[in-house]
Each structure stands twice: as C-alpha cells, then as structure tokens.
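Observations on chain architecture
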Amino acid sequence: GNSFESDLVFLAFWLISISYYVRAVDTQSVYPLSVSALAGALAALDAFQAGMLTPILGLYLWQHNRKWTAGWIAIFAAPATIVLWQAWEWSTGALPLAVLLGYMQSASLQSSPRKLASAVALIGHAGWIVFPALVAAAFWKTARWWCWSIAGIAAAAAFLHDPNPLFWGSVAMGTLLVLSCLRKEFLSGWVVLFFAASLVIFFAGSARYLLPISAPVAILVAREVPSRGLMAGIAIQLLISLGLATANHQHWEQVRTFADRVVAQSQGRRVWVDAEWGIRHYLEDRGARPLQKDTILRTGDIVVRSELGQPMEFTAPTTELLQTTVAPWIPLRLISIEGGSEIGRAHD
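One structure accompanies this document, and this report is about it. (Residues numbered from 1 in each chain as written. Predicted model: local features only at pLDDT ≥ 70, side-chain atom pairs only at ≥ 80, totals over all residues. Heavy atoms only, no water.)

Points about the side chain of Asn65
The criterion, for reference: Each helix corresponds to a stretch of at least 4 residues labelled H or I by DSSP, and each strand to a stretch of at least 2 residues labelled E; elements are numbered beginning at the N terminus. Residue contacts are defined here by distance: any two heavy atoms, one from each residue, within 4.5 Å place the two residues in contact.
Assignment of secondary structure puts Asn65 in the loop between helix H3 (53-64) and helix H4 (69-74). In this structure Asn65 touches Val25, Gln28 and Tyr60, once residues within four positions along its chain are discounted.

Re the packing of aromatic side chains
One pair of aromatic rings is described through two measures. These are the centre distance and the angle between the planes. Convention followed: Two aromatic rings from Phe, Tyr or Trp, using only the six-membered ring of Trp, form a pair when their centres are within 6.5 Å; if the ring planes differ by under 30 degrees the pair is stacked, by over 60 it is edge-to-face, and anything between is tilted. We call a residue buried when its accessible area falls under 20% of the maximum for its residue type, exposed when it is over 50%, and partly exposed in between, using a 1.4 Å probe and counting protein chains only.
The full count for this structure, using the stated rule, is 10 aromatic pairs. Ring geometry for Phe48 versus Trp85: centroids 6.3 Å apart, planes at 55 degrees, classification tilted. With Phe48 in the loop between helix H2 (30-44) and H3 and Trp85 in helix H5 (residues 77-92), the pair connects residues that are 37 residues apart, well separated along the chain. For Phe48, a relative accessible area of 38% corresponds to the partly exposed category.

Notes on the pairing of strand S3 (residues 302-306)
Threshold: The pairing criterion for strands is at least two bridges between them, as found by DSSP.
Of all the five residues making up S3, five are buried; the element is thus mostly covered by neighbouring parts of the structure. Of the two faces of S3, both are covered, the one formed by Ile302, Val304 and Ser306 as well as the one formed by Val303 and Arg305. Where strand S1 (residues 271-274) and S3 come together, four bridges link them in parallel fashion. Counted as the bridge partner of Asp274 is Arg305 from S3.

Quick look at the nonpolar core
Selection criterion: Here the nonpolar core consists of buried residues drawn from Ala, Val, Leu, Ile, Met, Phe, Trp, Tyr and Cys, with membership extended through side-chain atoms lying within 4.5 Å.
Of all hydrophobic cores here, the largest spans 60 residues; its most connected members are Trp14, Ile18, Tyr21, Trp190 and Ile213. Looking at which element gives the most residues to this core, the answer is helix H11 (residues 186-201), with eight residues. Setting aside its immediate chain neighbours within four residues, Ile18 contacts Leu53, Ile56, Leu57, Phe186 and Trp190. Counting 15 residues, the second-largest nonpolar core is a separate cluster that includes Val273, Ala275, Tyr282 and Val326.

Here we look at the packing of H2 against H5
Working note: a packed helix pair is described by the angle between its axes plus the distance between those axes. Keep this limit in mind: Lines fitted to the C-alpha atoms define the axes, with helices restricted to the stretch that makes contact. Angles between their N-to-C directions range from 0 to 180 degrees. Any angle from 65 to 115 degrees is called roughly perpendicular, while one under 35 is roughly parallel, one over 145 is roughly antiparallel, and all others are oblique. Here a crossing is called left-handed whenever its near helix is offset anticlockwise from the far helix by less than a right angle, and right-handed whenever the offset is clockwise. Under this grouping Gly is polar, as are all residues other than the nonpolar Ala, Val, Leu, Ile, Met, Phe, Trp, Tyr, Cys and Pro and the charged Asp, Glu, Lys and Arg.
One way to put it is that H2 packs onto H5 with a least axis distance of 7 Å and a crossing angle of 45 degrees. Classified by the angle between their axes, H2 and H5 sit oblique to one another. Our pair here, H2 against H5, has a crossing hand that is right-handed. Taking contact as the criterion, the partners of Ala37, Gly40, Ala41 and Ala44 in H2 are, on H5, Ala77, Ala78, Thr81 and Ile82. Of the residues assigned to the contact of H2 with H5, the class counts are six nonpolar, two polar and no charged.

As structure tokens, this is what we get:
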C-alpha cells in the first residue's frame, strides 16, 4: 500500500535521480545520466509525483547546459515510465488512471474544502521540515519584507481558525519558507516547483508528501544559519522527533493489545470492524472482517468501533464488552480526538 515505507523507497530513487543528473550535466557524462534515468523510472513505479522530476531536472539543465540534447531526453524518464505502465495495465484490464479518477470523484477527494484543508496542512508541515526557529533564523535577513508580511497574514488567518500557537506558528514558518525560495537558484526552484505541484496533486495534506523537498530545504537553511545555532536546532528537533516516535510506538502497542483482548473474548463469534486508523488492520490480521453498510449482523456478533473513524449508528440494542482509551504517557500525539485520545469500543 501507499504507506510511509513506500515513500522512503520513492525518496531514495528520487534523490539518486537528481544527484546523478546534476553530476551528468556538470560533466556531460552518459553513465550518470543513465543512472539518473533508471532511478527516475523506478521512482515513477512508486509514486505518480515522480513526474515532477521532469521540470526540476529541466530547470537544472536550463541553468547549466541547456544545449545538451541527451539531457533533455533523460528528464522524461519518469513520465514515460508512468505512460508505459498505464498502457500495459490497460492492455490487461482497466486503465489505472481512470480507476484513480473514479475513486477521487466518488469520494469527492478533489473538492474545494478538502483541497484547501490539504493546502493548509502542507504549508504547516513545510514549517517543520527543519526546526521552525531555524527557518526564521535562516531567512531573517535574506527574506524580503513582503515575505514576512504574507507570512504574518497567513499566521493571523490561521489564528482565527485555531489559536493554538503550534498551528498558526507552523503556518507562518511554512509560508515564510516557501516564499523565501522564490529565487533563481536550483535548490530554491526545486522546493517551489514540487511544493506548488503538491498543492494541486494531493488532497490529504500528509507530511510525508513533502519528503522530496527535505534535502534542498535542509541545505538552504544550513547555508544561512551559524553552526552553533544549527546544531542547537537539530538537537531540539531530534528530541521532538524521538518523542513523537515514542508516542507512535506506544499508541499502536495499545491498539494491538486491545485487538488481542477482543479476539480473546470473542470465543469463536464473528468479529466485525467499523473503524480505520490501524485498528482495522490489526483486527483483520487476527481474523476479523470489515463492517459494510449492507452487512447483516447476527445475535452474538461483535463489532469493534473507534471514535476516530465516524462509526455507524445501530438501531438494535447492543451491549458493551470492552472499552479502552489509547493515550501514550508522554505529552505528544500524532493523532487524537480534539486533542484527547482514540477510544476503541467493542459492542456485542
């Protein structure tokens, strides 16, 4: 599935493609150009956004060696792979792109409210690619006045929606970062091109979508911030990252434990899952089945629900068997209900 693990594979091929392409253009060498094209093709088999390699690589070629014909051909390796894969799948069944568009239309994934929420989330995540204080320190002198002005307006708008400083502060730093990259150099262009495409392509606003610009952002910030301040920022962000990783581990450990308790209490009865966010995976792995709208329940069936997943309402009487609050002991959360915690319930 399209999980964090596949994003890491995509990121690896993405960076290989760009780094070898830069070397190829600088030396006009066919070998690194071939490696770049191959890596771009493999990245395209991981994610559609690999198509953004074309304008990013094209920008570098235009800036450094725009007359190199082989270089212009190589930048199309990723989109060409996507087209060939689509054609191959179409010859043996349905066109994958058509299926994807069908899903998007049926679920209103490209609706204006969803796209706006996704865009705001991506801007906020951009402010945390490196520690936000490092973003401010890096562009304190180099960013133009209008960049700071727009960042301030974005922060004020975000504050009206949610006064939590983690929200409006993240939006401010993300806005400042992107606007400060509106420069002619390649690394800045890499950030702006991919981020602009992200606003158009994505609808979920996940932080992992911005992994392809993590390297240029880190380089741009490291160039501007003194080493002592840079190390302090890295240390603070490392501490936060380890804390979030711990919260993540504790969260899913508690979900797995709850799934084991449900299975132990089922005693051979049918178990249905009316939830997502991991609990469905762990229970299906233990033999449960997903609850559909047309599922006919029998007396004695067990239905596991989570308040995070907008569970269905039942008209028949139910009896609560188990209930747990999933709450890591450290004061950090990756997902919660109104800043609280996930509540799992098993109903008979």
